[in-house]
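# Observations on the model geometry
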Amino acid sequence: MSVDFSGISFTPADILLPRDCDMNKWSVVACDQYTSQPEYWQRVEEYVGTAPSTLRLVLPESCLDGPNVETDIVEINNTMSRYLKKDIFQTLDNAIIYVERTQDNGKVRHGLVGKVDLEQYNYEPGSEAQVRATEGTVLSRIPPRVAVRKNAPLELPHVMLLTDDAKRTVIEPLAAQKDQMEKVYDFDLMERGGHIAGWKLGEAQLAAVSSALKVLADPAHFNAYYNTKDKPVLLFAVGDGNHSLATAKECYERQKKITPQEQWATLPARYALVELVNLHDDSLEFEAIHRVIFDVDAKGLLDALIAHYPGAHLGEGDGHTIRYVYDGSEGAVTIPNPKAQLEVGTLQSFLDQYTKEHGGKIDYIHGEDVTRELGSKPGNIGFLLPAMGKDQLYPTVIHDGVLPRKTFSMGEANDKRFYLEARKIR
């Protein structure tokens, strides 16, 4: 590779793609989707059958606490090794893939698949790294994911990084250059996942991407754009898959402890495969992530919420208004003079404390209909939250640090990233 990506934490990677496979069965949605809808994963299981599939290479999040999780992890690692031995994969050396994902609603999301340098990523609140988390990382969620990744020979990404490229200089110009690049996949995705196509960038496209990213990474440009002074550059913000990227970071840090420092740069675990998307992509819509609390006294929880905040009351008013649904009824609670910037922060801090003291399980739900359905069941309560504006993301992270966890989602569950590309990490 002759193109210079120095100073940029996103670079080309040796990307593995399957060959001679039914791609529609190969590619499945991110493992953290449909966690309260096991029937979805059952349909996928029945559809895939015995065909080669990423379903055999990942562990759905709903299974992380299952009774057979250790056996499942061993089987995943064995399947990865078996796929490698059977030569299922072809390798695109030092590659970046330009992706066009046609969503179920017909909109097209544009992205770049490459690797990110974990030395330049930090998920701690207040981080000044070039790559930062956008929401709080729940440290307790990392160890079970480390158990899946630590002995795996491969990684398959559902991480999506965002870049704030208002002038659309990095990704969008590639749409007009597809005839100059090699198409590497083009197929429909299962379960209303839409369609996906990808092209391997040539030298000219790699050079253009590198040049555009270096402009965004320039400190003078960055501070002028955000009207700040001497702020460290936030080049990439994690839009999806924060805990997956944090897990990759943890595995890398563990390897550093047993590896001489002069060898860190060559550790495969130092990097993680990701998709880069422009925050200003027309298809990118921030969806709210709602909450459903299971196995609780719904009315008791609602009364406790009102009692928790001075002046809180039923009905809409000035302040943070949070809608709820339980036992077939709907309403709203208003919290005046909130300390948190967003409604999700007001609600989450209460829920964390309440469930710690009274029990119950919080799940994070994409879609109002599913929230209403689950929240209306006996022993449950659902909370419906407003979506955050895209223009709030970078300034909030730059000035205030990370947002409350599960603040926003980029699109509906079926439009999430599907597993497709892989990379060796051992």
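All values reported here derive from a predicted model rather than from experimental measurement.

For strand β5 (residues 108-117), the tally of buried residues reaches 9 of 10 residues, placing the bulk of the element in the interior. For strand β1 (residues 10-11) and β5, the ladder comprises 2 bridges, and the chain directions are antiparallel. The residue of β5 that forms the bridge with threonine 11 is lysine 115. Strand direction decides the pairing type here: strand β4 (residues 97-102) and β5, joined by 6 bridges, are antiparallel. Paired with isoleucine 97 across the bridge in β5 is valine 113. Remark: 5 residues form the turn of the hairpin made by β4 and β5, two consecutive strands paired antiparallel; glycine 106 in that turn has positive phi of roughly 95°.

Across the 6 residues that make up strand β2 (residues 13-18), a large majority, 5, are buried. Bridge count for β2 against strand β3 (residues 89-95) is 5 bridges, and the pairing is antiparallel. Among the inter-strand pairings, alanine 13 is bridged to a residue of β3, identified as alanine 95.

We now examine helix α5 (residues 203-216). Along its 14 residues, α5 runs 20 Å from first to last C-alpha, staying within 8% of the 20 Å computed at 1.5 Å per residue. Where α5 is concerned, the buried positions are Gln205, Leu206, Val209, Ser210, Ala212, Leu213 and Leu216. Elements that come into contact with the buried residues of α5 comprise β1, β5, β9 (160-163), α6 (219-226), β12 (236-240) and β13 (271-278).

So, on to the nonpolar core. Core analysis: the biggest nonpolar cluster contains 88 residues, and Leu112, Leu161, Leu245, Ile381, Phe383 and Leu393 have the highest contact counts within it. Judged by nonpolar contacts, the second largest core, of 49 residues, contains Leu16, Trp26, Ile88 and Ala422.

In the structure shown here, the tally under the stated rule is 24 salt bridges. A salt bridge links arginine 168 to aspartate 282; the nearest nitrogen and oxygen atoms lie 3.0 Å apart. Of the two residues, arginine 168 sits in the loop between β9 and β10 (182-188) while aspartate 282 sits in the loop between β13 and β14 (286-294), which places them 114 residues apart along the sequence. Using a relative accessible area of 32% as the deciding quantity, one classes arginine 168 as partly exposed. By relative accessible area, aspartate 282 is classed as exposed at 59%. A salt bridge links aspartate 303 to lysine 299, with the nearest nitrogen and oxygen atoms 3.0 Å apart. With aspartate 303 and lysine 299 both in helix α8 (residues 298-308) and 4 residues apart, this pair spans about one turn of that helix. A residue is classified by how much of its surface remains accessible, and aspartate 303, at 40% relative accessible area, is partly exposed.

Between two aromatic rings, the relevant description is the distance of the centres plus the angle of the planes. Tallying each qualifying case throughout the model produces 14 aromatic pairs. Here the aromatic rings of tryptophan 26 and tyrosine 83 are separated by 6.0 Å at their centres, their planes lie at 35°, and the arrangement is tilted. Highlighted residues: tryptophan 26 in helix α1 (residues 23-26) and tyrosine 83 in helix α3 (residues 69-85), separated in sequence by 57 residues. Residue tryptophan 26 shares its accessibility class with tyrosine 83, and that shared class is buried. On the basis of an interplanar angle of 10° and a centroid distance of 3.7 Å, the ring pair of tyrosine 34 and tyrosine 40 is categorised as stacked. The exposure classification of tyrosine 34 matches that of tyrosine 40, with both residues buried. Taken together through their ring pairs, the aromatic side chains of Phe222, Tyr225, Tyr226 and Tyr394 make up a single cluster. Just above the ring of tyrosine 47 sits the side chain of lysine 25; from NZ or CZ to the centre is 5.4 Å. Across from the ring centre of tyrosine 271, 4.9 Å away, lies the NZ or CZ of lysine 115, which sits over that ring.

What follows deals with the environment of valine 146. Within the secondary structure, valine 146 is located in helix α4 (residues 142-149). If near-sequence neighbours (up to four positions away) are discounted, valine 146 is found in contact with Thr247, Glu250, Cys251 and Arg254.

A word on a negative patch on the surface. On the surface, Glu39, Asp369, Glu373 and Glu412 cluster together into a negatively charged patch. With respect to the helices, strands and loops of the structure, glutamate 412 is situated in the loop between β20 (408-410) and β21 (423-424). Residue class for glutamate 412 comes out partly exposed when judged on its relative accessible area of 33%.

So, on to the side chain of arginine 270. Mapped onto the elements, arginine 270 comes out in the loop between α7 (242-257) and β13. For arginine 270, a relative accessible area of 16% translates into the label buried. Every residue in contact with arginine 270, bar those within four places of it in the chain, is listed here: Val116, Asp117, Leu118, Glu119, Tyr252, Trp264 and Ala265.

Criteria and thresholds
- Residues numbered from 1 in each chain as written.
- Predicted model: local features only at pLDDT ≥ 70, side-chain atom pairs only at ≥ 80, totals over all residues.
- Heavy atoms only, no water.
- Buried < 20%, exposed > 50% of the residue type's maximum accessible area, 1.4 Å probe, protein only.
- Helix = DSSP H or I, 4+ residues; strand = E, 2+ residues; numbered from the N terminus.
- Pairing = 2+ DSSP bridges.
- Expected span 1.5 Å × (residues − 1).
- Contact = heavy atoms within 4.5 Å.
- Core = buried A, V, L, I, M, F, W, Y, C linked by side-chain atoms within 4.5 Å.
- Salt bridge = Lys/Arg side-chain N within 4 Å of Asp/Glu carboxyl O.
- Phe/Tyr/Trp six-rings, centres within 6.5 Å; stacked < 30°, edge-to-face > 60°.
- Lys NZ or Arg CZ within 6 Å of the ring centre and 35° of its normal.
- Patch = residues over 30% accessible without salt bridge, like charges linked within 9 Å, V, L, I, M, F, W, Y side chains within 5 Å.
- Areas by Shrake-Rupley, 256 points an atom, 1.4 Å probe, with all protein chains shown as cover.
- Lys, Arg positive; Asp, Glu negative; His and termini not counted.
- Charge placed at Lys NZ, Arg CZ, Asp CG, Glu CD.

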